[in-house]
Amino acid sequence: SQSDQPLVGLEPPQRRTMIAWLLCLQLVAVAGATCLPDAIPAENRKNLTNPATGQSYPLGMWIGGWASSFINSEVARIILQEKIGFNVRDMGIGYATVDGFYALTGCATPETIGDRGCDGVSVTYTHVNVEAWTGGYQPEWDALQIAYPDMAPINLGNMGYNGKTSFFFPSKVRDEAWETEGLNLDFFRGYNISWHDAAKYFDSPKAFDGATLRPCNETRLMITSAMKFYAELTGDWDGVEIVGEEVYGKCFDDHFWYPPACRSNASACFVWLTAGNGWDMEGTMQKTTSYHIPMAAATAKNWTLFTQLPKIKTSWFYWWVPDPTFLTLSPMEVIFPPYDKQAWDIGDKRTQATTTSVDIAVSRDLHILAPNVQNFLENWEIPMAEVNKMMMDQINTGEDAYQVACRWLQDNKSQEIWTEWLPDTSKCFPQFGLWNTNTQEFVADRQDKSFLECRACESGRFSEKFKDNDGDTYICTLCPPGTSQPSGAALQCEPCLFGEFQDKSGQTSCKRCIIGEYQDQKGQARCIPCVAGTTTLGDGRPSVEDCGCIAGSIDIGEGGNKSICNACPEGMTCPFSSSEHNLLNGTAKNGPDFVPAIVEGYYSTKDKALQVFKCRNRIQCPGGRPNTCGGGLQVVPCAECPAGQTWSGSSCDQCTAWSLIFWVISTCALFGFLTLAYYLLTSQVNAKASVMATTGMSFGMTVNLLQSVGIVGMMTVEWPEHLQGFLAAFKVLLLDIDNYSFSCFAGADSSLRYSVSVSFFFLGQAWLVLNYFGSKLLPARYRWGGSKAFSTMGQFWQVGFSTMSTVSLAPLTCYTHTNGL
């Protein structure tokens, strides 16, 4: 993996010093001069601008800690600064590709294993990482995508070549073998000792000084699991040593492991050299044994010796590309059978190692911050031969990566490669549009590209695809009427919601419909006025059903735009949006406060709910919904109790036998009193008033007074409640006796009861006449005199005059109802 690749020929401490020195050289070179003749001056370069926060900062670049990454990063830096016009800032150097993944995510300490500092990150200042060996860190990449879906980096794909580790040897050896005997050493079969003696073209183990090599006990030969798997796979148990339960690779001459092909004759072996603790030792052992290759495996004592030994000794060596370490040898790769993934998954490495895609990774927000930069990196495709060419140039000249990259960019042939990467400044991507830097405005065409660039669409606009002779691009179009867009970098405008409108273009928000208007569709440029006589309860109404008749009127139509508002009848309350339907149901969509109702003391029927009748009192007509009577009354307007019931003054009660007995006794008593009145009122006349005469006159005057009070109580005036009971008590003297169960005696029909009341006076006179003639049958002393009988009748008419007048005029004392009846 790339994490195991140090910088050319240096141990880690020296390597860090060299990196710092190289960076300083790069900064001096960049600050002092430009590379390309038509470079954008430093003062004209721009920062990235975060559309969410408004913050401005340079484009951040993460550099891998190996030579090819340094050079490719410098190529990218020069183009980004001098051709695309962005300020670029180095954000750090990582010795493993995975460090770059965390840096692009915005993690505070991307190189600190165990705590990368990613929690709570919402903005990253690192945006580009060229030469990312993504394939070698796929699990870490996938884990980042899951853990930080909003911040994890994006892989733009392969940058033009694949990286690999393999077996290499100097090309001069291949040429010599081919010229000498036509032996092809590019393929593993050319080394099979059964057919060829390829070892004669290489140095034997004796040519290597043991002081330059690691002892066997410091290498992977001491790893039991690896050595045991080797022996089980190849059957070469002679190539290992078993010590107790441990299995070690067998060591020869203290520093080598010999394969079966030359184990008995070390002089027939040639050497394969690796570094570290024996990188790929077990894979090499598997290949040499399986394919009968007489190659001894050895590990260089340190990194410096590893980089030097292949240059002074002829051998195979472990190497990876791209890397400049052995470029001067023009190394050739040994080709083995094609990669077998299933075999490698179980540890069988006898086939060719797989290649790793070398990619370009960017921050997730780069396409928003600088789409042209992302477009440039997506277009990047450089052959490995060109990377090797630059690294070889660095070896030959000893110059820093900036100078090498600059020279490559200036080369005419190289320009044919990298100029194809440059983005068309007028090729905008979604969320962006064409911006004229001269006029400082968004434009809708690119006939003149002199001052065009792509810029994130501002609020009130949306990014719209535009096609012309140059292909597809995007323009920032004003949101049309009926829509708005509050945020920038939008792909579409949002239609105004129900109850809203927008009559202008390019707006960031919609307006609410005013009172008296509504809008029941989205994306409209104006609101719809309610029909005449109606309005809305508030602004922003989303439906025609929100239009209702104004307070004090009631809808007799079908509601909505078919409303017909009439004045609220007397005896009703009509709040906003009253309708006949609501009156009948006793409900309203706006709540109970908006339900029309019949006022107390009034009544209407369900069939003709708006024809309101005025009642005699509030007890009989409590109001509310139509057809509502108090106390069980019925008949319009709440005037009668059902048959068999009588009005008690507050409710209809069931007639009882006692009620009938009461009226029979009362009637008999009344007629008996009339007979008695003859004797009381016709006594001997004297000059001096007798007690009886005085009492009779006083009684008559009192009755007349109380009758007058009763008449006052029958007036259609709303008397205070504490007087109503007092006045009602004297109505009995006016024969207003319905409150005394009179209907139980005279019947439920009001006409019949009226007839009974009227006939009372005639029956009283008839009773007196009957008494007169009946007395003729009595002894002379009890017989009635004619004049006295007529006097009694006169007294009766006089006392009953007020009652008689009131009863007789009752049909003529009607009042007009509010409905005109």
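Look up a bit, the structure's there.
Note that the coordinates shown come from a computational prediction; the quantities given were computed from them, not determined experimentally. (Residues numbered from 1 in each chain as written. Predicted model: local features only at pLDDT ≥ 70, side-chain atom pairs only at ≥ 80, totals over all residues. Heavy atoms only, no water.)

## Description of the nonpolar core
Counting residues in hydrophobic clusters, the biggest one holds 110 residues, and the most contacted among them are Tyr191, Trp316, Leu377 and Trp380. With eight residues, the single largest contributor to this core is helix α2 (residues 67-82). Every residue in contact with Tyr191, bar those within four places of it in the chain, is listed here: Phe169, Leu185, Ala198, Phe202, Phe270, His292, Ile293, Pro294, Trp316 and Val334. Core analysis: the next-biggest nonpolar cluster, separate from the first, contains 13 residues, Ala96, Val98, Tyr137 and Trp141 among them. (Core = buried A, V, L, I, M, F, W, Y, C linked by side-chain atoms within 4.5 Å. Buried < 20%, exposed > 50% of the residue type's maximum accessible area, 1.4 Å probe, protein only. Helix = DSSP H or I, 4+ residues; strand = E, 2+ residues; numbered from the N terminus. Contact = heavy atoms within 4.5 Å.)

## Overview of the side chain of Thr212
Relative to the elements of secondary structure, Thr212 occurs in the loop between α5 (171-181) and α6 (224-234). Given a relative accessible area of 16%, Thr212 falls into the buried group.

## Here's the deal with the packing of α6 against helix α7 (residues 281-290)
As a packed pair, α6 and α7 sit with axes 10 Å apart at the nearest point and diverge in direction by 20 degrees. Here α7 runs roughly parallel to α6, going by the angle between their axes. In this structure, the crossing between α6 and α7 has a hand that is right-handed. Facing α6, whose interface residues are Ala226, Met227, Phe229, Tyr230, Leu233 and Thr234, α7 presents Glu282, Met285, Gln286, Thr289 and Ser290. (Axes fitted to C-alpha atoms, helices over the stretch in contact; angles between N-to-C directions. Parallel < 35°, antiparallel > 145°, perpendicular 65-115°, else oblique. Left-handed = near helix turned anticlockwise from the far one by under 90°.)

## Quick notes on the sheet that holds strand β16 (residues 452-456)
Read across the sheet, three strands follow the order β15-β14-β16 without closing on themselves; strand pairing throughout is antiparallel. In this open sheet, the two strands that pair with only one neighbour each are β15 (441-442) and β16. Bridge count for strand β14 (residues 432-436) against β16 is five bridges, and the pairing is antiparallel. Looking across to β16, one finds that Trp435 is bridged to Glu453. (Pairing = 2+ DSSP bridges.)

## Points about the state of the cysteines
The bond known as a disulfide is covalent and runs between the sulfur atoms of two cysteines. Under the defined criterion, the tally for this structure stands at 15 disulfides. Cys530 shares a disulfide with Cys547; S-S distance 1.9 Å. Measuring the twist about the S-S bond at about -65 degrees, one finds the Cys530-Cys547 disulfide to be left-handed. Remark: Cys547 occurs in the loop between β25 (534-535) and β26 (548-549) and Cys530 occurs in the loop between β24 (528-529) and β25; sequence separation between them is 17 residues. When sorted by exposure, Cys530 lands in the same class as Cys547, which is buried. (Disulfide = S-S within 2.5 Å.)

## With respect to the packing of aromatic side chains
Taken as a whole and judged by the stated rule, the model has 38 aromatic pairs. A centroid spacing of 4.8 Å and a plane angle of 80 degrees characterise the contact between Tyr191 and Trp316, whose relative ring orientation is edge-to-face. Placement of the pair is Tyr191 in the loop between α5 and α6 and Trp316 in strand β11 (residues 316-321), with a sequence separation of 125 residues. Among the aromatic residues, those joined into a ring-pair cluster are Phe167, Phe169, Phe188, Tyr191, Phe202, Phe270, Trp272, Tyr291, Trp316 and Phe336. Over the aromatic face of Phe336 sits the side chain of Lys287, whose NZ or CZ is 5.5 Å from the ring centroid. (Phe/Tyr/Trp six-rings, centres within 6.5 Å; stacked < 30°, edge-to-face > 60°. Lys NZ or Arg CZ within 6 Å of the ring centre and 35° of its normal.)

## Notes on unusual backbone geometry
For the bond from Val321 to Pro322, the omega torsion is 5 degrees, close enough to zero to count as cis. Mapping Pro322 onto the fold places it in the loop between β11 and β12 (331-333). In this structure, Glu131 takes a positive phi of about 55 degrees despite not being glycine. With respect to the helices, strands and loops of the structure, Glu131 is situated in strand β5 (residues 128-132). A positive phi angle, near 55 degrees, is found at Ala489, a position not held by glycine. Structurally, the position occupied by Ala489 is in the loop between β19 (483-484) and β20 (494-495). Assessed through its relative accessible area of 11%, Ala489 is described here as buried.

## As for the pattern of salt bridges
Tallied over the entire structure, the rule returns 26 salt bridges. Between Arg77 and Glu74 there is a salt bridge, with its nearest N and O atoms 2.9 Å apart. In this pair, Arg77 and Glu74 both sit in helix α2, three residues apart, roughly one turn of the helix. When its relative accessible area of 3% is taken as the criterion, Arg77 is described as buried. For the salt bridge of Glu218 with Arg214, the shortest nitrogen-to-oxygen distance reads 3.4 Å. Overall, Arg214 belongs to the partly exposed group, its relative accessible area being 23%. (Salt bridge = Lys/Arg side-chain N within 4 Å of Asp/Glu carboxyl O.)

## A short note on α7
When you tally the buried positions in α7, you get nine out of 10 residues, the bulk of the element. Residues of α7 that are buried include every one of Met281, Glu282, Gly283, Thr284, Met285, Gln286, Lys287, Thr288 and Thr289, and no others. Its buried side turned inward, α7 meets β6 (154-170), α6, β9 (270-274), β10 (295-299) and α9 (341-345). Trailing α7 by a residue or two, His292 shows a phi angle of about 55 degrees, which is positive.

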